[in-house]
Amino acid sequence: MKIDRFDYSLPQELIAQTPVEPRDHARLLVVDRASGMLRHRRFYELTSLLNPGDLLVANESKVLPARLIGWKVGTGGKVEALLLRPAPQPGEQGEPSVWEALVSPGRRVKEGAKLGFGDALSGPYLEATVVARTTLGGRLLRFNQPPRPLLDALGQMPLPPYIHETLDDPNRYQTVYARVEGSAAAPTAGLHFTDRLIEELRGQGVGFASVVLHVGMDTFRPVHEENVDEHPMHSEWYTLPPATAEAINRTRAGGGKVVAVGTTSVRVLETAVQAQGLTLEARGREMEPAEGWSQLFIRPGYSFGLVDAMITNFHLPRTTLLMLVSAFAGYELTMKAYREAIDHKYRFYSFGDAMFIC
């Protein structure tokens, strides 16, 4: 399968720079897999698209303010570090001091370099030593103290590079149900939900359950291999808690649909299915709680074992996210939906509009 199949041309003016207000007034392209029909709605109209007994499964991972602006100690050259995830060391107790990060400009930051962040005289202040290179151009940074407690004071929200506008309210890049810190980017399909919409859905008998998948920046990287099957899939930590497993089992027993909110929730659910051997032919078996590292690469040809419908934003070309959507909706229908969205001037990417694929 060639990567060129997942390319498309998008006018720059359709890349959303700011979020829609209120959140649930974003546009929603409804994609019917059975009929191939496309319908234009608003996100708050999910109340008419879901039925009592259906279950929404959303990723409650919270974005860390993990973008640090600093300098090279000794030369004063400007550097930027985006902390991706902790890298606990053998024997280390408590909060980890070693983190995997993306550092810019990477070619100038070599092993042994020291980086400073904050105010070295009056504080707060962090100093990091580059101890190793990681895959995909990253660095392993050893800090002089655990950085997480200082991120609220020193860090910035790591907005995607295609967003050039200043975000006045950092919480606008968090879902309203974000609870568990650990992501380097928001699970953006969930940005459209409001507390009021969730309560309305619950009031009509739609369930709402949570999972966790800590999103890494590798999720959004374009695939560079010409042959998609040669792409090395990144790993992300996931958790499917007992209450969510029970909710899924009740939903399936009652004939309701399991609706994944975003590609991250899809990966959690399908990773758990794979780990437990719950294939399409064995849907009568019950889900169990699960956690671990997911490296599941969902692309056309994949057979879904659990997800019945999904909510997702419009994704960058040549990415694994677009491949996942194509696997679920079908390649031709996905490309048709993207052409429709462009023709009708939908807003794309993190702060953009959404699709409901049913």
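Provided above is the structure to which this section pertains.
Residues numbered from 1 in each chain as written. Predicted model: local features only at pLDDT ≥ 70, side-chain atom pairs only at ≥ 80, totals over all residues. Heavy atoms only, no water.

Asks: Just give me the short version of the packing of helix α6 (residues 320-329) against helix α7 (residues 331-343), but keep the residues and values in it.
Replies: Where α6 contacts α7, the two axes come as close as 6 Å, and the packing angle between them is 115°. Handedness of the α6/α7 crossing: right-handed. Between α6 and α7, the contacting residues are Leu322, Val325, Ser326 and Ala329 on the first element and Tyr331, Leu333, Thr334, Met335 and Tyr338 on the second. Here the contact of α6 with α7 is built from residues that sort into seven nonpolar, two polar and no charged. (Axes fitted to C-alpha atoms, helices over the stretch in contact; angles between N-to-C directions. Helix = DSSP H or I, 4+ residues; strand = E, 2+ residues; numbered from the N terminus. Left-handed = near helix turned anticlockwise from the far one by under 90°. Contact = heavy atoms within 4.5 Å. Nonpolar A, V, L, I, M, F, W, Y, C, P; charged D, E, K, R; others polar.)

Asks: Mind laying out unusual backbone geometry, listing which residues take part and the relevant values?
Replies: Cis geometry is found at the peptide bond from Glu21 to Pro22, where omega equals -10°. Within the secondary structure layout, Pro22 lies in the segment before β1 (27-31). In this model, Arg318 sits at a positive phi of 60°, which is unusual for a non-glycine residue. Mapped onto the secondary structure, Arg318 falls in the loop between β16 (309-313) and α6.

Asks: Residue-level account of the sheet that holds strand β13 (residues 236-240), with values.
Replies: Pairing in this open sheet of nine strands is mixed, and the strands run β2-β1-β17-β16-β14-β3-β12-β13-β15 from one edge to the other. Either end of the sheet is taken by a strand with one partner, and the two such strands are β2 (38-42) and β15 (290-294). Between one strand axis and the next, the sheet turns by 25° as a mean value, whatever way the strands run. Pairing analysis gives five bridges linking strand β3 (residues 55-59) to strand β12 (residues 207-213), with the strands arranged parallel. Paired with Asn59 across the bridge in β12 is Val211. Where α6 meets the sheet, it contacts β16 and β17 (354-357), and its direction lies at approximately 150° from that of β16. (Pairing = 2+ DSSP bridges.)

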